[in-house]
Amino acid sequence: MIAIRSTMAPWSSRSFFFVVRVFCTDSLDASVGVVICIVHIFAAQFKKTAEVVVNPISSTDVLIVGAGATGLTLAIELARRGVAFRLIDRLDEPFRGSRGKGIQPRSQEVFEDLGILDRLVAVGGLYPPPREYRDDGAYKEPPVLDLQDPTPGEPYKLPLLVPQFLTEAVMRERLAELGGYPELGRELKRFEQDGEGVSARIAGPAGEETVRARYLVGADGGRSVVRDALGIGFPGKTLGVRAVVADVVLEGLNRAAWHRFNTEAMEKHISMCPLAGTDMFQLQAPVPLEGDVDLSAEALTAMVAGRTGRHDIVIRSVSWASAYTMNARLADRYREGRVLLAGDAAHIHPPTGGQGLNTSVQDAYNLGWKLAAVLAGAPETLLATYEEERRPIAAAMLGLSTRLLDEAKKGAMRRGREVQQLDVGYPESSLALEAPRRSGGIRAGARAPDAPVRGAAGAPTRLFKLFQGPHWTLLGHGPDRLSVVKPRPGLHIHAIGPRGDIIDDGGHLRAAYGLSPGDWVLVRPDGYIGAIVSSEHAPALEAYLASVGLPSRG
């Protein structure tokens, strides 16, 4: 026999302990057409006292702790790349609150790539116009958003309103299509790591088990057990605002507007926003920093009456409610060995501007392809770019959300391009290559724009459709599609022009990317530009591809 593999498993009865060894060939034996296995049962030992209790041990590539939007995004990213993972959460059922309800344009692009944007639009909707009431009952509807029409390069311009529990339900559906699922009611108790991986102790409905993973990702929220166990600092400040957020069924208000009262008096402010895809409203109201808060329907009805002067608004039921203190905090680092942090475990923001869930999802979107690449053989140094790229983004978003909170205290709710996250990029990243260095136009590290194009066979398509999936994409002007680099797994190569497979009839691609004949742009799996090179710098492109786990095999 050749290519023998050995598997050893203990088995016990009440009186004896057996060790079972199974030897199997790796493939079919050509002579008989079957897999050959030999079973050895040996070392039986009489037990005079208690039974032998076997501690179950399982293994996986990545253990994800926390099955919210961050953990689900990472799981989808790993699942579509065929990476083994386990996704656990200590809660016995999925989160059922609306908390992170805004999906910004850049996150919409992420969700399109993940295959769920149309589903999210179907279950949610657009934000209703804000309606600000005066004491006499009159109201105005001032514009909150700087409305702009979609462009060829930026197809999504408006935030979506999708309650977080509906967003996560759609994500679980997508994960199931890819063969994955969250394991609920499983709590991380402790873990330790070495140079090869992480051993984690998990408590679940059937008892405790040990999971051996090559990497562990803490996506377990602002009170992260993983972050605390690593001893990673979480500096920042409490922002002096405590608020109630509740999903309620009420009567007395229509669903055509986001109803806001006392916008210029923070201590009396209250708002009720209809939640698209449900029959509920999200109630938000600042409350005193100290003391218990009654979150019953009766108490919230009284709060509404006291702050609006209206007794016709009656809360009939409360689906979910929370009183929380706003903080702005950023983890000192995102990684300790083979353990990484993502989402609220790495940063927490006030809710103003709708940045929290979006930043967290994009953390996982950045981390997923890098983890998969390293697990497939890419240099370990690739993982260092996760913190390098994402921590400065979180710091900037923290500053933005805090500034918007200060403005909200004064009654200002205006939102511009800064909340859309379309300008988020990594121009200073070590993964941004320009050869030669560009003096203008789009730069390496920037978000890769969309553009309508046509395939050589005549069918219209978009760059985002070419980018969609876990692969890298190489676009360029050249007489030969394969003139710069050789084809390889994980890389899609497209040439633009009369002799290429992509036709830029409207000139939108040329305008967005500013490519000259002989220029090539490499788009990362997460939709950012990794490299822009000219044909004479092809060796630099080959070296770059090797550094991210895509070496030439020719």
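As the structure is a computational prediction, the values presented were derived from the model and not from experiment.

Here the second largest pocket defines a volume of roughly 540 Å³. Around the second largest pocket, the lining comprises 23 residues; the ones closest to its centre are A373, A376, G490, G549 and L550. Considering every element that reaches the lining of the second largest pocket, the biggest residue donor is helix 7 (residues 356-375), with 4 residues. Residues belonging to the lining of the second largest pocket are distributed by class as follows: 16 nonpolar, 4 polar and 3 charged.

Take the sheet that holds strand 7 (residues 125-126) next. Within a sheet, neighbouring strands are paired by backbone hydrogen bonds and run either parallel or antiparallel to one another. Taking strand neighbours across the sheet as the criterion, the 3 strands line up as 6-10-7 in an open arrangement whose pairing is antiparallel. Edge strands, defined here as strands with exactly one partner in the open sheet, are strand 6 (102-103) and strand 7. Taken together, the 2 bridges between strand 7 and strand 10 (residues 160-161) define a ladder with antiparallel strand orientation. Residue L126 lies in a different strand from strand 10, and its bridge partner there is L160.

This brings us to the environment of A435. Within the secondary structure, A435 is located in strand 23 (residues 433-435). Residue class for A435 comes out buried when judged on its relative accessible area of 8%. It is 6.5 Å that separates the C-alpha atoms of A435 and S534, two residues lying 99 residues apart in sequence. Beyond its immediate stretch of four places on either side in the chain, A435 contacts I532, V533, S534 and H537.

Regular strands have side chains that alternate between both faces of the sheet. Taking every second residue as pointing to the same face, both faces of strand 16 (residues 258-261) are buried, with W258 and R260 on one and H259 and F261 on the other. Sheet topology places strand 8 (residues 130-133) next to strand 16; 4 bridges connect them, and they run parallel. Among the inter-strand pairings, P130 is bridged to a residue of strand 16, identified as W258. Strand direction decides the pairing type here: strand 16 and strand 17 (residues 270-274), joined by 3 bridges, are antiparallel. By the bridge assignment, H259 is partnered in strand 17 with M272.

Further remarks concern the pattern of salt bridges. Counted by the stated rule, this structure contains 36 salt bridges. E109 serves as the salt-bridge partner of R447, at 2.7 Å between the closest nitrogen and oxygen. Of this pair, R447 sits in the loop between strand 23 and strand 24 (452-455) while E109 sits in helix 2 (residues 105-114), and the two are 338 residues apart along the sequence. Using a relative accessible area of 7% as the deciding quantity, one classes R447 as buried. Through salt bridges with shared partners, a single ionic network connects E77, R80, R81 and D113.

Turning next to helix 7. Along its 20 residues, helix 7 runs 29 Å from first to last C-alpha, staying within 8% of the 28 Å computed at 1.5 Å per residue. Across the 20 residues that make up helix 7, a large majority, 19, are buried. Phi for G377, located one or two positions after helix 7, is positive at around 120°.

A ring pair, where both rings are aromatic, is described by two values, the distance of the centres and the angle of the planes. A complete count under the given rule lists 9 aromatic pairs for this structure. Taking 5.7 Å as the distance between ring centres and 50° as the angle between the ring planes, the aromatic pair formed by Y334 and Y386 counts as tilted. You can see Y334 sitting in the loop between strand 19 (314-330) and strand 20 (335-336) and its partner Y386 sitting in helix 8 (residues 384-409), a full 52 residues away along the chain. There is no split in this pair, since Y334 and Y386 are both buried. Between F464 and F467, the ring centres sit 6.3 Å apart and the planes meet at 45°, which makes this aromatic pair tilted. Of this pair, F464 and F467 are both found in helix 9 (residues 463-467), 3 residues apart, which corresponds to roughly one turn of the helix.

Okay, empty space enclosed by the protein next. A full pass over the atoms with the stated rule returns 3 cavities of 30 Å³ or more. Roughly 130 Å³ of internal volume is contained in the largest cavity. In terms of lining residues, the largest cavity is bounded by R106, E109, E112, D113, Y365, A448, F464, F467, Q468, P525, D526 and G527. If you list the elements that add at least two residues to the lining of the largest cavity, you get helix 2 and helix 9. The dominant element in the lining of the largest cavity, judged by the number of residues it contributes, is helix 2, at 4 residues. Grouping the amino acids of the lining of the largest cavity by side-chain chemistry returns 5 nonpolar, 2 polar and 5 charged.

Okay, the side chain of T278 next. Along the chain, T278 turns up in the loop between strand 17 and strand 18 (281-287). Within polar-contact distance, the side chain of T278 engages the backbone oxygen of L275 at 2.9 Å. Side-chain polar atoms of T278 contact the backbone nitrogen of M280, separated by 3.0 Å. T278 has contacts with P163, F165, L166 and R255, leaving out every residue within four places of it along the chain.

How each quantity is defined
Sequence order as written defines the numbering, with residues in each chain counted from 1. In view of the model being predicted, local features appear only for residues whose pLDDT reaches at least 70, and side-chain atom pairs are presented and counted only at 80 or more, with totals across whole chains, interfaces and linings using the full set of residues. Water and hydrogen atoms play no part in the side-chain values, which are based on all heavy atoms of the structure. Grid spacing is 1 Å over the protein atoms alone, the probe is 1.4 Å, and a cavity is where that probe fits but cannot get out, while a pocket is an open set with protein on both sides within 12 Å along at least five of seven lines and lining residues have an atom within 4 Å of a point. Grid points are joined across faces, edges and corners, and a volume is the space filled by probe spheres set on the points. Where helices and strands are cited, they refer to DSSP runs of H or I of at least four residues and of E of at least two residues respectively, numbered from the N terminus. Three classes are used: nonpolar for Ala, Val, Leu, Ile, Met, Phe, Trp, Tyr, Cys and Pro, charged for Asp, Glu, Lys and Arg, and polar for all others, with Gly counted as polar. Should DSSP find at least two bridges between two strands, the strands are taken to pair. Between buried and exposed lies partly exposed: a residue is buried under 20% and exposed over 50% of the maximum accessible area for its type, with that area taken using a 1.4 Å probe on protein chains only. Every residue pair with non-hydrogen atoms within 4.5 Å of one another is taken to be in contact. A carboxyl oxygen of Asp or Glu within 4 Å of a side-chain nitrogen of Lys or Arg is what we treat as a salt bridge. Here the expected length of a helix is defined as 1.5 Å per residue gap, with one fewer gap than residues. Each Phe, Tyr or Trp ring (for Trp, its six-membered ring) is paired with any other whose centre lies within 6.5 Å, and the angle between the two planes then decides the class: stacked below 30 degrees, edge-to-face above 60, tilted in between. Under the rule applied, a polar contact is a pair of N or O atoms within 3.5 Å (in protein, one hydrogen donor and one hydrogen acceptor; residues adjacent in sequence only if both atoms are side-chain atoms).

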